[in-house]
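This is what each chain is made of:
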Amino acid sequence: MSDTDYGYITPENLSLFTDLYELTMMQGYFHQNHNPTATFDLFFRDLPPNRGYMLAVGLEQAIHYIETLSFGERAIDYLTEHGFEEEFLSKLETLEFTGDVRALPEGEPVFPNEPLLEVTAPILQGQLLETIVINQIGYQSLIATKAARMRDTIERHGDDQSLVDFGSRRAHGIDAGMKAARAAYIGGFDGTSNVAAGEAFGIPIYGTMAHSWIQSFATERAAFEAFVDEYGEDSILLIDTYDTVAGAETARDVADKRDIDVAGVRLDSGNLTALSKEVNELLGDTDIFVSSGVDEFKIRDFLTSGGVGTGFGPGTALVTSTDAPKVEGVYKLVAIERDGEMRPSMKLSTGKATYPGAKSIYRVERDGSYAYDTLTPQKEDHDGDELLVSVIEDGDIVYDFPDLQTVQEFALRNVEKIPVEARTLENPTTYEVRISPELDTQTTELRQQLESQFT
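Source: prediction; values computed, not measured. (Residues numbered from 1 in each chain as written. Predicted model: local features only at pLDDT ≥ 70, side-chain atom pairs only at ≥ 80, totals over all residues. Heavy atoms only, no water.)

## Remarks on the sheet that holds strand E18 (residues 396-397)
Applicable threshold: Pairs of strands are assigned from DSSP output, requiring at least two bridges between the strands. Helix and strand definitions follow DSSP, with helices as H or I runs of at least four residues and strands as E runs of at least two, each counted in order from the N terminus. For this analysis, residues touch if any pair of their heavy atoms sits within 4.5 Å. Helix axes use the C-alpha atoms of the stretch in contact, all axes being lines fitted to C-alpha atoms, and the angles between their N-to-C directions lie in the range 0 to 180 degrees.
Within the open sheet, the 7 strands sit side by side as E13-E12-E1-E5-E3-E17-E18. Their pairing is antiparallel. Of all the strands in the sheet, the pair left with one neighbour each is strand E13 (341-344) and E18. Here strand E3 (residues 100-103) pairs with strand E17 (residues 389-393) via 3 bridges, running antiparallel. Note on E17: the bridge partner recorded for Ala103 is Val389. Against the sheet, helix H6 (residues 130-157) contacts strand E1 (37-44), strand E5 (117-122) and strand E12 (329-338), and its axis sits at roughly 140 degrees relative to E12.

## Points about unusual backbone geometry
Unlike most non-glycine residues, Ser292 shows phi in positive territory, near 80 degrees. Take Ser292: it is sitting in the loop between strand E10 (287-290) and helix H13 (296-304). Within the chain, Asp367 stands out as a residue other than glycine whose phi angle is a positive 55 degrees. By the secondary structure assignment, Asp367 is in the loop between strand E14 (359-366) and strand E15 (369-377).

## Quick look at the pairing of E13
Two strands pair when backbone bridges link them, and E12 and E13 are joined in this way by 4 bridges, in the antiparallel orientation. Within E13, the position partnered with Arg338 by the bridge is Glu341.

## With respect to the side chain of Thr376
Checked against the element boundaries, Thr376 lands in strand E15. The residues touching Thr376, leaving out its near neighbours within four places in the chain, are Ala358, Lys359, Ser360, Tyr362, His382, Ser436 and Leu439.

Given below as structure tokens:
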């Protein structure tokens, strides 16, 4: 790759976005002529701190990877250099996904041990997907949940204030910034400052000005005058470069002399609650947009302390989910074909045991609120609505992906149905996920069978 070629990931090498051991195992499967059908589940063993739920997000990107999976010349050349054998690489050149995928629709709340995604395919295919599906679904689910907590906080304590993603510059790379903007929108944000994300996903874009605009002019007044001359009533003026209250007064004077109502002002430092009250006293009905380290906790404190604002611009805290920056998504084999029959499989590792077999999730609602979920073996009838839907069958996509606004509306409706005590910002209660008697029996019997091998 040349110094000017930054195409790190292209369709030619996207298939290499996997861990080496996946390819090592795949080559071993191939040489051993061992390619049984396998079922893998993607799930969260536990939720991050102070999370009573997660929103399942990222399915569309994961499915796009599966649909377009191919090993191009660039990928094959690299694997050749690293000792993979020609016969196996010839197999990779023609590899395509022929299996089935069931999943939670994007925007569906999910709880520990419930599959977000279930893959059933020849093991060479299913094995390869582990890294990418955890990456695509885990991160977006984390950020969408963070965003939903902020929206839920406004619903409880505010007055429909707007939320705009300001986090691209602090995201851990370009792709993370793009995916964070998408996930935040699903979680209830109104838009993003990231123009590329707006173009790619159809998310509304918003922006104000930076302190550098103010500093580049001889005076703050001159900076405001120039900006208002350019953008008129669409102007949102950043008033805290030097002195917030004086900046508000200058913004008011400039707007009065131009005989216009500017769109708003932005506060980005200091005691935001106290300053917002002072600014509101000076500017009356002018919108006040609040940024600077905003998250769900600061929004709650701002609103409950009488802060005045019409919108918030979370950045770093959103795209890094600062208070809970990781979620432990795992992708585990839960069933394997033996003697022409799919048989449940499980891990017994301490603290990492899994429930065996393909599964279904049934959710029961009462009076417009979720009452409990039940995790069952697949196709077992149970009370409630089955949540997993077929996305791919025999390699073909059979699911119509809704547009992003529809996903957002679906997510917001669902969050409102989660019991209030399970979505508090701190120390939420544990939502009930029942293990059906059939799944419990299947797990116990398989555990005993496996443990008997070591006694």
